[in-house]
Amino acid sequence: MYEQVAFYLFSVLTIGLFLVTVLSKNLLYSMTSLAAGMVMISGFFFILGADFLGVVQLIVYVGAVMALYAFAMMFFDATRDIKEKNANSGWIFLLGGMIALMLVIVFSAPIFSENIQAIYPSIPGATNPQSVGLVLFTKYLVPFEVAAVMLLVAMIAGIILAGKKMDQSLTTEDDIVKTEVISQEDEK
Amino acid sequence: MEKFVYIALFAPLVSSLFAALYGMSSRKVYVGIIASLLLTTSFLASAILATYVYQTGGSIHVTMMEWIGAGDLMIPFGFVVDQVSVTMMTVVTLVSTVVHFYSIGYMDHDKSFNRFFSYLSAFVFSMMVLVMSDNFAGLFIGWEGVGVCSWLLIGFWYHKPDVSPEENPSISPSWAANEAFIVNRIADLGMLVGIFILYWNTGSLQYDVVFAEIPYLGHGILVAAAIALFIGAMGKSAQFPLHTWLTDAMEGPTPVSALIHAATMVTAGVFLVIRANPIYSLTPEVSYFIAALGTFVAFFAASMALVNRDLKRIIAYSTLSQLGYMFAAAGLGAYWIALFHLAAHAFFKALLFLGAGNVMHAMHDELDIFKMGGLKKSMRWTYIYMGVASLALAGIPPLAGFFSKDAIIETAFNEGTLVLWIVLVVTAGMTAFYSFRQVFLTFEGDERYKAFGIHPHEMYKFVLIAMSPLALLAVIAGFFQGAFHSFIIKLLPNYEMSEHTHHLVWLLGTIVLAFAVGGILLAWIKYGKGLKRNEKLENSFVYKLLKNQYYIPHFYAEFISKPYAMISDMMWKSVDMKIIDTTVDGIAYLFYGGGDKTRKMQTGNLSTYLNWMGVGLALLLIVAAISAVIG
Amino acid sequence: MIGLNHYLILSGLLFAIGLVGVVRRKNLLMLFFATEVMLNAANVAFAAVSHYYGDLTGQMFAFFIIAVAASEVAVGLGLLIVLYKKHGSLDLDGLSTMKG
């Protein structure tokens, strides 16, 4: 009963928040609602008994990624709305609706394969973080290490890309003109 | 011995490839000489093989490699050298060698000298494959190979412009080449069907396997196979009704006529019948038809030769006629006599053609014998050669033609087919008449060529020397009849005259000889002293009928070529242009238009691309949903 | 009773929302947000499958997806900053140098 209430509550909240994210004209609203949606998603993880994943979701997404977005937005003039031309948004919604419908049909179709067996079943008696740890550091050790290297590479890449000419402020009008001149020269 | 087989077979190929290297460059005498020497090598190898087979009485069977292996079909690239093939090999390489040497002189002024040798040697190679192959597939490859080379060589002077059929019945060399090729394709279809029938019923294409199976096959199948194979032979050997191409093929250079259209390729049909004698022995009705058709063609061709004025065409008709004799012998079961006549005929007919080539050379390519006459003064040796060859052709003892042709006529008598015998005897007389009509009109009598301002001269010395082996053989080949008989019957079924015929052999020979001598005398009376034209005779119906080749070319043109051209034209205009082209163009327009329309997708705008990606995803999901629901 | 299908359908809906965002929005930053939405939709599906089949593999994949998403954000935002410095705007329609 609680599970149902929780599921539907979270579902409605998540869908609503993500809709705000996607449809809002204001970048700040979008980001805020995205962060809130992430928190709701972690709620699903807790319902599903994936405690560790829920915690990671909160820490990484809501904590780190959102903070990163927030910092990144400092570079952009977030208050200046981009005028978006959406001439044919009607059929985009139709497309999205159709994809959703197809996914619903696919997922609600009965599963014919009878003998689906767990490759790495949950370890009885162990808590979720314990069993995640056991599987992660045995069967998935190499992918885990690769993921670590990937994160390191991404961090360095982010620093280098964002840190170039960090001292120059490129948001003032003069500088924009100057940059355009530079870029034109580059093109030549 | 095996290496001699390969030398005999591949020396012409090497020669052809060597000459082909110089194909586009200007005349180089050494190309001709090297090609001729390689052909000589091939001849020597064949002669060694012939001696070997003669002495041991056995045969050599080599398999060079596996050639085609597909499912149950196994065709090795194998060659057999037995009595029949070694005879053919020797004849072919000997005549080829002489013709190669001759061509060095004859093609002297031609700018495509090197190309000519390349084609000529390629022909010899194909012919060797044809006669040496140990299976029907190899035979067919050689068969098509000689067809292609014949096409190339007839159309050697392809640049000659077309003329009207009134001026020249064969219009132009390229026309004649195409005619020969197309007529042969029609016949080859029959041949292929025959090979398929044999393969279908025996499961093999090897001669020995097929012939071992023959006695166990049904009679109907054998008759079908025999008829189908004979249709192929009819095309290659220009038997009625597929004979028109042979006279038109005289458009090619004269050495080609001598080699291909007298001595070797046209006898391939006879060779096929001889090779497949186990089949024909078991199908007497087909064999009898072959004999009857052969006799008919012998007479039919000889009748057309009586009135023709073209030097080479007369010889071509006589070739047709002699091929008829060979088929008559083969059809009557006297395979060895057919082969013997084939060999003897090859010698004197090649000699006759080469002599005609000399005359042509001297007369600046003039072929009308009514414009010649009295050439004996300036061309003594050519006169002797052509006279000897004509005597041999007419069947005057002791020359080669007497023995071989007489044997055929005797066979016709021996078999009790009196009608055939009478026709063949009459034809022998006609043969003598038209041969000597031609010789006398060319060499005797008044010198009509002077009116055309031609100064004839004798051919080069080395050419005359090169022709001498043929002349020698045309004289003496007949004496080897007994030896050849005992040699060849180790492979071919024996054929002996009955006691009754044996008693009458002198009488029969005398009758034939009387006709032959009568023909020669008639020719001397009419043409020996010069040309006296008889207007009344020339305007008579029979004369015109013969002169127009019984109107058969007209018939073919009116009732086959023209309707076919009409159908083709209709198909081109209505079917090809309106249906097929429209369809193809429509598909092209569809893609062109589609590309033109979809080019707008390529806006360079990332958001448009994302939209299209979304569409693609939707389509994939639709497929997934359908398969999920269907399950 | 909430079954696997409920979660999967929820996941599908979230994915569709993310897709609409990707397709419709022209602000590059919004595209990133929409991508995050789609990634989270996938995560929910993985976690649900993991739960209902009693298999930890799904959680592992969700875990790696989070790692990938973090990397993507780091690199992507770096690129966005460079782009913004160059063009002074994040409008997707301005990026049409690939026009054929």
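Residues numbered from 1 in each chain as written. Chains lettered and ligands numbered in written order. Predicted model: local features only at pLDDT ≥ 70, side-chain atom pairs only at ≥ 80, totals over all residues. Heavy atoms only, no water.

Peer 1: Help me out: how do you make sense of a nonpolar patch on the surface in this one?
Peer 2: All names here are of chain A. Among the surface-exposed residues, Val39, Phe46, Val55, Leu58 and Ile59 lie close enough to one another that they form a single nonpolar patch of about 380 Å² accessible area. When contributions to the nonpolar patch are tallied by element, the ones reaching two or more residues are α2 (27–47) and α3 (51–75). Assignment of secondary structure puts Val39 in helix α2. (Patch = residues over 30% accessible without salt bridge, like charges linked within 9 Å, V, L, I, M, F, W, Y side chains within 5 Å. Areas by Shrake-Rupley, 256 points an atom, 1.4 Å probe, with all protein chains shown as cover. Salt bridge = Lys/Arg side-chain N within 4 Å of Asp/Glu carboxyl O. Helix = DSSP H or I, 4+ residues; strand = E, 2+ residues; numbered from the N terminus.)

Peer 1: What should I look at first to understand the interface of chain A and chain C in this one?
Peer 2: When the parts of a complex come together, some accessible area is lost, and that lost area is often used as the size of the interface. If you look at the interface, chain A gives 87 residues, while chain C gives 69 residues. Buried surface at the junction of chain A and chain C, both sides included, amounts to about 7,300 Å², of which 75% is carbon and sulfur. On the chain A side of the contact with chain C, Leu48(A), Tyr69(A) and Phe76(A) bury the most area, a combined 10% of that side's loss. Taken together, the links from chain A to chain C amount to zero salt bridges. At the junction of chain A with chain C, the criterion picks out seven residue pairs in polar contact (both at pLDDT 80 or more). (Contact = heavy atoms within 4.5 Å. Buried area = accessible area lost by both parts, 1.4 Å probe. Polar contact = N/O pair within 3.5 Å; in protein donor to acceptor, adjacent residues only side chain to side chain.)

Peer 1: Help me out: how do you make sense of the packing of helix α16 (residues 380–394) of chain B against helix α18 (residues 418–443) of chain B in this one?
Peer 2: Helix-helix packing: each pair is described by the crossing angle between the helix axes and the interaxial distance. Residues and elements named next belong to chain B. Look at α16 against α18: their axes get within 9 Å of each other, and the N-to-C directions meet at 170°. As judged from the angle between their axes, α16 and α18 are roughly antiparallel. Counted together, Thr382, Tyr383, Met386, Gly387, Ser390, Leu391, Leu393 and Ala394 of α16 and Thr431, Ala432, Ser435, Phe436, Gln438, Val439 and Phe443 of α18 form the full contact between these two elements. Considered class by class, the residues forming the contact of α16 with α18 number nine nonpolar, six polar and no charged. (Axes fitted to C-alpha atoms, helices over the stretch in contact; angles between N-to-C directions. Parallel < 35°, antiparallel > 145°, perpendicular 65-115°, else oblique. Nonpolar A, V, L, I, M, F, W, Y, C, P; charged D, E, K, R; others polar.)

Peer 1: Looking at this structure, I do not really get the environment of Tyr551(B). What am I missing?
Peer 2: Take Tyr551(B): it is sitting in the loop between α23 (541–547) and α24 (552–598). If near-sequence neighbours (up to four positions away) are discounted, Tyr551(B) is found in contact with Lys544(B) and Leu545(B).

Peer 1: Sorry, what's going on with the packing of aromatic side chains here?
Peer 2: What characterises a pair of aromatic rings is the spacing of the ring centres plus the angle enclosed by the ring planes. In this structure the tally under the stated criterion is 49 aromatic pairs over all chains. Summarising the aromatic geometry, the rings of Phe436(B) and Phe440(B) are spaced 5.6 Å apart at their centres and angled 50° between planes, so their arrangement reads as tilted. Residue Phe436(B) and its partner Phe440(B) are both found in helix α18; the two are separated by four residues, about one turn of the helix. Among the residues examined, Phe436(B) registers a relative accessible area of 6% and is labelled buried. Members of the aromatic cluster, each reached through a chain of ring pairs, are Phe7(A), Tyr8(A), Phe10(A), Phe44(A), Tyr7(C) and Tyr52(C). One cation-aromatic arrangement involves Arg115(B) over Phe156(B); the distance from NZ or CZ to the ring centre is 4.3 Å. We note Lys405(B) situated over the ring of Tyr325(B); from NZ or CZ to the ring centre the distance is 5.5 Å. (Phe/Tyr/Trp six-rings, centres within 6.5 Å; stacked < 30°, edge-to-face > 60°. Buried < 20%, exposed > 50% of the residue type's maximum accessible area, 1.4 Å probe, protein only. Lys NZ or Arg CZ within 6 Å of the ring centre and 35° of its normal.)

Peer 1: Any chance you could explain the packing of α2(A) against helix α2 (residues 28–53) of chain C here in plain terms?
Peer 2: At their nearest, the axes of α2(A) and α2(C) sit 11 Å apart, and the two run at 10° to each other. By the angle between their directions, the pair α2(A) and α2(C) is classed as roughly parallel. Every residue of α2(C) that contacts α2(A) at Leu27(A), Ser30(A), Met31(A), Leu34(A), Met38(A), Ile41(A) and Phe45(A) is listed here: Leu29(C), Met30(C), Phe33(C), Glu36(C), Val37(C), Asn40(C), Asn43(C), Val44(C) and Ala47(C). Considered class by class, the residues forming the contact of α2(A) with α2(C) number 12 nonpolar, three polar and one charged.

Peer 1: I would appreciate a short explanation of the pattern of salt bridges in the present structure.
Peer 2: Working definition: two side chains of opposite charge can pair if their charged atoms are close together. All names here are of chain B. Taken as a whole and judged by the stated rule, the model has 14 salt bridges over all chains. The shortest N-O distance in the salt bridge between Asp108 and Arg27 comes to 2.9 Å. Of this pair, Asp108 sits in the loop between α3 (83–106) and α4 (113–132) while Arg27 is found in the loop between α1 (2–21) and α2 (29–56), placing the two residues 81 residues apart along the sequence. A relative accessible area of 18% means that Asp108 is categorised as buried. Looking at Arg27, the relative accessible area reads 35%, which means it is partly exposed. By sharing partners, the salt bridges in this structure join Glu144, Arg185 and Asp188 into a single network.

Taken by themselves, the reported measurements are silent on function.
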